[in-house]
Amino acid sequence: MIQNKNILLGVSGGIAAYKACALTSKLTQQGAAVKVIMTDNAAKFVSPLTFQALSRNPVHIDTFDEKDPAKIAHIDLADWADITLLAPATANIIGKLANGIADDMLSTVLLATQSSVYVAPAMNVHMYAHPAVIANMKQLDSWGYHFIEPGAGYLACGYVGKGRLEEPESIIAAVAEHQGRGDLFSGKKVLISAGPTQEKVDPVRFFTNRSSGKMGFALAEAAASAGADVTLVAGPVSLETGNKRINRIDVVTAEEMYQAMHDHFHTSDIVIKAAAVADYRPKQIYGEKMKKQPDDWRVEMERTQDILQSLGEAKKHQFLAGFAAETTNPVEYGITKLQKKNLDAIIVNNVAAEGAGFGGDTNVVTYVNKTEEKEDIALRSKQEIAKEILKLIARDMKDEPK
Ligand code: CTP
């Protein structure tokens, strides 16, 4: 998986830079072409000449050191790479990448490359646990960067704990394994709905619900990271999408969501309905702001379309998954919805459980497929839950007779 690959090795300024020498040597021994970019600080730990000798290629440090007038060095390097490996990745380079800062050769190439990027962090145990570093890593993870977690052990700073750069052999094995696996959803078209809908009653008032869209967005990011082309139909939420593989369509009402989902349904392979769609909308929408009256105001509500059910009726080759938000007997109710709406899987969400449901960053769910096999996914971040759900969908799609 490494042989004949162009590997760009980014070395940032930590003591673990010395391990990147062995990494360079092993990569070249395995038949990869290696070019090294160092930060100024990395060059204080290890001489660029060491990397030049081991990679048999010039080492790049300065963005403006343009060796060949016919090429722009940082773009040329970025385009050359099949794989980019950042090892060791310090808290600083992780922070720069997560915030789009390009102020030296390495950080600039990292923004310019379209290759798969693997990040092998190495830093002090407390730095690795700092909320800023965790947030930056999460951000990169959601954009599809692949992390090779540091090992635990004796650190150069004297502490014992997590933060030690993974051994070169393990880094290569992790990259090779990932490259060999290919992306779970490579070539697949995934359609996801997320967030609430808003149903207007007059120009300043509407009915909605507490869905934040975080679960659906996490699914979209995870599917895109797994190689899918994603269409994300998003209700009104205050979330950003970073991945270039996500085509986002913003909608407001259940009616608009229905339209957008059906517009993209026929060309999709996997459809996941994570949105909390309004079941009712005001029968009458007032053109002017309603003035208050001395009496009660009764708003008559009418049913919206059940989008998921209509997709279940239109289903051909698609794998269709829904969510069920419940407060009692979640799995039982979930299975009823799965059958009624002709789904392949339902993700049941006990919104009353600790750490689950609307708004928060974590969730607890049970995945049930159409043969009623159940998988509990215990309390964890919505990003982690999303990855687990996608793995289960991939498993069930594989089992499906063609
Ligand atoms: N759903 C939908 N259109 C609606 C209502 C729900 O597509 N008008 C979808 C949701 O996106 C979710 C699934 O149906 O994937 C289940 O939603 P939920 O609110 O749990 O259930 P309902 O079917 O609305 O049933 P109830 O409110 O009676 O529990």
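In short, a report on the structure.

Calculation notes
Residues numbered from 1 in each chain as written. Predicted model: local features only at pLDDT ≥ 70, side-chain atom pairs only at ≥ 80, totals over all residues. Heavy atoms only, no water. 1 Å grid on protein atoms, 1.4 Å probe; cavity = no way out; pocket = protein on both sides within 12 Å on 5 of 7 lines; lining within 4 Å. Points joined across faces, edges and corners; volume = space filled by probe spheres on them. Helix = DSSP H or I, 4+ residues; strand = E, 2+ residues; numbered from the N terminus. Nonpolar A, V, L, I, M, F, W, Y, C, P; charged D, E, K, R; others polar. Near = heavy atom within 4 Å. Polar contact = N/O pair within 3.5 Å; in protein donor to acceptor, adjacent residues only side chain to side chain. Areas by Shrake-Rupley, 256 points an atom, 1.4 Å probe, with all protein chains shown as cover. Sits in = over half its atoms within 2 Å of the grid points. Phe/Tyr/Trp six-rings, centres within 6.5 Å; stacked < 30°, edge-to-face > 60°. Lys NZ or Arg CZ within 6 Å of the ring centre and 35° of its normal. Core = buried A, V, L, I, M, F, W, Y, C linked by side-chain atoms within 4.5 Å. Buried < 20%, exposed > 50% of the residue type's maximum accessible area, 1.4 Å probe, protein only. Contact = heavy atoms within 4.5 Å.

**Points about the layout of surface pockets**
Estimates place the volume of the largest pocket at around 1,000 Å³. As for the largest pocket, its lining consists of 32 residues, and the residues nearest its centre are D141, Y145, F147, E384 and K387. Of all elements in the fold, only β4 (116-121), α8 (131-142), β5 (146-147), α9 (168-181), α10 (214-225) and α14 (382-399) reach the threshold of two or more residues within the lining of the largest pocket. With 6 residues, α14 is the single largest residue contributor to the lining of the largest pocket. When grouped by side-chain class, the residues that make up the lining of the largest pocket number 15 nonpolar, 7 polar and 10 charged.

**Thoughts on empty space enclosed by the protein**
What the rule picks out here adds up to 2 cavities of 30 Å³ or more. Considered as a void within the structure, the largest cavity measures approximately 60 Å³ in volume. For the largest cavity, the full set of lining residues is D141, S142, A218, E221, A222, S225, Q383 and K387. Secondary structure elements with two or more residues in the lining of the largest cavity: α8, α10 and α14. Tallying contributions element by element places α10 first for the lining of the largest cavity, with 4 residues.

**Some points on the site of the ligand**
Taken together, 16 residues sit near the ligand, with K273, A275, L308, F323 and K341 positioned nearest. Take L308: an N or O atom from its main chain is 2.8 Å from an oxygen atom of the ligand. Considered on its own, the ligand offers 570 Å² of accessible surface; in the complex 76% of this is hidden by protein. The pocket occupied by the ligand, as judged from atoms lying within 2 Å of grid points, is the second largest pocket. Secondary structure elements with two or more residues in the shell around the ligand: α12 (307-314) and β16 (319-326). Here the shell around the ligand is composed, by residue class, of 8 nonpolar, 3 polar and 5 charged.

**Considering unusual backbone geometry**
In this chain, A87 is followed by P88 through a cis amide linkage whose omega measures 0°. A positive phi angle is found at N329, which is not glycine, with a value near 40°. The phi angle at N342 is positive, at roughly 55°, despite the residue not being glycine. Among the secondary structure elements, N342 is positioned in the loop between α13 (330-340) and β17 (345-350).

**Some remarks on the packing of aromatic side chains**
Considering all chains together, one arrives at 1 aromatic pair under this definition. When the ring of Y286 is compared with that of W297, the centres are 6.1 Å apart and the planes differ by 65°; the resulting orientation is edge-to-face. Placement of Y286 in the loop between β14 (280-282) and β15 (301-303) and of W297 in the loop between β14 and β15 is noted, with a sequence separation of 11 residues between them. K35 extends its terminal NZ or CZ atom over the ring of W80, reaching a point 4.5 Å from the ring centre. In this arrangement the basic side chain of R303 is found over the ring face of Y280, its NZ or CZ atom lying 6.0 Å from the centre.

**A word on the nonpolar core**
Core analysis: the largest hydrophobic core is formed by 38 residues, its most contacted members being L219, V230, I272, I389 and I393. Of all the secondary structure elements, the ones that give two or more residues to this core are β8 (189-194), α10, β11 (229-234), β13 (270-273), β16, β17, β18 (362-369) and α14. Setting aside chain neighbours within four positions, we find V230 in contact with V190, I192, A220, A223, A224, R245, I246 and N247. Within the second largest apolar cluster, 30 residues are counted, among which are L27, A120, L165 and A176.

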